[in-house]
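As a plain string of letters, each chain reads:
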Amino acid sequence: MATTVLITTHPGAALAQACLRGRWIPLPLRADQAHDLSHLVILRPGATSIEVVGRIWSLQCIGTLDGRLHWLPLLDGRRRLRHPVPLGAGPLLNTWLPRHGLQWQVLPLQELLLAESVAELLSDRADQAGGDRADQALAA
């Protein structure tokens, strides 16, 4: 079951408008990213938390003139999170956050919903990745 969240940014009430249209813009996602997506978050500039997600019910593959594949997220409405997830603060978060609508990040939905903040989740994941590399070096 697909359970990842695509996080991007756009000014205004972009998620509400995208859900009314039933789609977001096509993005050049990798196939493995596209097939795992279940939700869309569109952060407006200055946002401090994730409060609402759009449910992705399907992705449509679209070819472009240059031969690259883009994926069109089809949405079936938005849902307010029971507990908003604060973005938090820190240098890792600042470099990770998308700066415009054609940039995005992907996170596992369950990890996001259980996190104290996105910054803490990123820090935990970075620590875990560092530990994994250290374990691999010791095993070699």
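Residues numbered from 1 in each chain as written. Predicted model: local features only at pLDDT ≥ 70, side-chain atom pairs only at ≥ 80, totals over all residues. Heavy atoms only, no water.

Caption draft 1: Representation of the sheet that holds strand β3 (residues 49-63) in the model. With respect to topology, 5 strands assemble into an open sheet ordered β4-β3-β2-β1-β5, the strand pairing being mixed. A single partner strand is all that each edge strand has here, and the edge strands are β4 (69-86) and β5 (105-108). With strand direction ignored, the average angle separating the axes of adjacent strands in the sheet is 30°. Bridge count for β3 against β4 is 12 bridges, and the pairing is antiparallel. Bridge pairing in β4 places Val-53 opposite Arg-79. Contacts between helix α1 (residues 14-21) and the sheet are confined to β2 (37-43), β3 and β4, with β4 contributing the most and set at about 130° to the helix. (Pairing = 2+ DSSP bridges. Helix = DSSP H or I, 4+ residues; strand = E, 2+ residues; numbered from the N terminus. Axes fitted to C-alpha atoms, helices over the stretch in contact; angles between N-to-C directions. Contact = heavy atoms within 4.5 Å.)

Caption draft 2: Structural context of the pattern of salt bridges. What the rule picks out here adds up to 6 salt bridges. One salt bridge connects Asp-76 with Arg-55, and the closest N-O pair in it is separated by 3.4 Å. Pair noted here: Asp-76 is in strand β4 and Arg-55 is in strand β3, with a separation of 21 residues, a long-range link. Look at Asp-76 and you get partly exposed, because its relative accessible area is 37%. Look at Arg-55 and you get partly exposed, because its relative accessible area is 31%. The residue Arg-125 makes a salt bridge to Glu-111 at a minimum N-O spacing of 3.0 Å. Of this pair, Arg-125 sits in helix α5 (residues 118-139) while Glu-111 is found in helix α4 (residues 109-114), placing the two residues 14 residues apart along the sequence. On the basis of relative accessibility, which here comes to 33%, the residue Arg-125 falls in the partly exposed class. One connected set of salt bridges, linked through shared partners, spans Arg-55, Asp-76 and Arg-79. (Salt bridge = Lys/Arg side-chain N within 4 Å of Asp/Glu carboxyl O. Buried < 20%, exposed > 50% of the residue type's maximum accessible area, 1.4 Å probe, protein only.)

Caption draft 3: Highlighting the side chain of Ser-117. With respect to the element layout, Ser-117 can be found in the loop between α4 and α5. Assessed through its relative accessible area of 12%, Ser-117 is described here as buried. Here Glu-120 takes part through its backbone nitrogen, which lies 3.0 Å from a polar atom of the side chain of Ser-117. Excluding residues that lie within four positions of it along the chain, Ser-117 makes contacts with Val-85, Pro-86, Leu-87 and Gly-88. (Polar contact = N/O pair within 3.5 Å; in protein donor to acceptor, adjacent residues only side chain to side chain.)

The analysis is restricted to geometry; functional conclusions fall outside its scope.
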